Amino acid sequence: MKVQNSQYLSALQIRDRYLNQKVQTGQTESPAKGTSFQDILNQKANPVQETAGLKFSKHAANRLENRNIRLTEDQMERLNGGTQKAGAKGIRESLVIVDQFAFIVNVPNHTVVTAMDQTEADENVFTNIDGAVIM
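Keep in mind that this is a model prediction, so the values were computed, not measured.

## Some words on the overall build of the protein chain
Of the regular secondary structure elements, the protein chain holds four helices and six strands. Secondary structure elements of the protein chain, listed N to C terminal, follow the sequence α-α-β-β-α-α-β-β-β-β. Counting all 135 residues of the protein chain, 28% fall into the buried class. Of the contacts made within the protein chain by residues no fewer than 6 positions apart, 50% connect residues no fewer than 24 positions apart. As presented, the protein chain carries roughly 9600 Å² of accessible surface, and 48% of it is formed by carbon and sulfur atoms.

Right under this line is the structure:
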């Protein structure tokens with residue numbers, strides 16, 4: 001069904017736009033059998049992404065995508081390890097540097113607040129942190 005000359009989208013257009021987005025492998029994402037519509041809706045509407053024990057805020061996830069930052073599994077493990085080290089020292093808002101990437105992490109919530117690579121950190125000034133971990 002095609003809806004033309006209308007400001008509203010059909011259910012099929014919404015489904016195609018939000019549920020059939022491309023994943024990194026280039027294949028379309030298909031929901032697992034038995035997954036309810038509510039589960040899919042909650043997953044797509046969830047403002048944070050979880051990876052390796054850390055959550056990425058919507059802002060941080062957008063920064064990663066906009067800045068084309070792709071983390072390897074090793075880098076994610078080191079980021080998680082840096083967050084744990086910061087927590088052990090009582091740091092609440094930490095700068096965690098992994099290779100050429102810098103992350104601001106809210107340690108108590110295990111949430112990456114923002115991310116940047118070396119080119120965005122031109123001034124090398126980071127505010128509102130109370131500690132730094134270099135991995």
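## Description of unusual backbone geometry
Of note, Asn68 is a non-glycine position whose phi angle comes to about 55 degrees, a positive value. Given a relative accessible area of 55%, Asn68 falls into the exposed group. One non-glycine residue, Asp99, adopts positive backbone phi at about 55 degrees. Inspection of the secondary structure puts Asp99 in the loop between strand E3 (93-98) and strand E4 (101-106). Of the residues examined, Asp99 reaches a relative accessible area of 39% and is grouped as partly exposed.

## Observations regarding the side chain of Asn106
Turning to its location among the elements, Asn106 is positioned in strand E4. Judged by relative accessible area, Asn106 falls into the buried class, the value being 16%. In this structure the side chain of Asn106 is engaged in a polar contact, spanning 3.1 Å, whose partner is the backbone nitrogen of Asn109. Contact partners of Asn106, with chain neighbours within four places excluded, come to Arg92, Glu93, Thr111 and Val113.

## Thoughts on the environment of Ala132
Tracing the backbone shows Ala132 in strand E6 (residues 131-134). Contact partners of Ala132, with chain neighbours within four places excluded, come to Ile91, Ser94 and Leu95.

## Some words on helix H3 (residues 58-66)
Along H3, the residues classified as buried are Ala60, Ala61 and Leu64. The buried side chains of H3 occupy one side of the element, clustering within an arc of 100 degrees when seen end-on. Of the residues in H3, the exposed ones pointing more than 90 degrees away from the buried face are Lys58 and Asn66. Just downstream of H3, Asn68 is the residue with a positive phi angle, here 55 degrees.

## Describing the confidence of the model for the protein chain
Residue-level pLDDT values for the protein chain average 77, and 65% of them are 70 or greater. Within the protein chain, E3 carries the highest mean pLDDT (94), whereas strand E1 (residues 49-51) carries the lowest (47). Between residues 23-27, whose pLDDT stays under 50, and residues either more than four places distant or in other chains, the model counts four contacts. In the model, residues 47-52 has pLDDT below 50 throughout and makes 15 contacts with residues more than four positions away in sequence or in other chains.

The rules behind the values
- Residues numbered from 1 in each chain as written.
- Predicted model: local features only at pLDDT ≥ 70, side-chain atom pairs only at ≥ 80, totals over all residues.
- Heavy atoms only, no water.
- Helix = DSSP H or I, 4+ residues; strand = E, 2+ residues; numbered from the N terminus.
- Buried < 20%, exposed > 50% of the residue type's maximum accessible area, 1.4 Å probe, protein only.
- Contact = heavy atoms within 4.5 Å.
- Areas by Shrake-Rupley, 256 points an atom, 1.4 Å probe, with all protein chains shown as cover.
- Polar contact = N/O pair within 3.5 Å; in protein donor to acceptor, adjacent residues only side chain to side chain.
- Arc of directions from axis to C-beta.
- pLDDT = per-residue confidence, 0-100.

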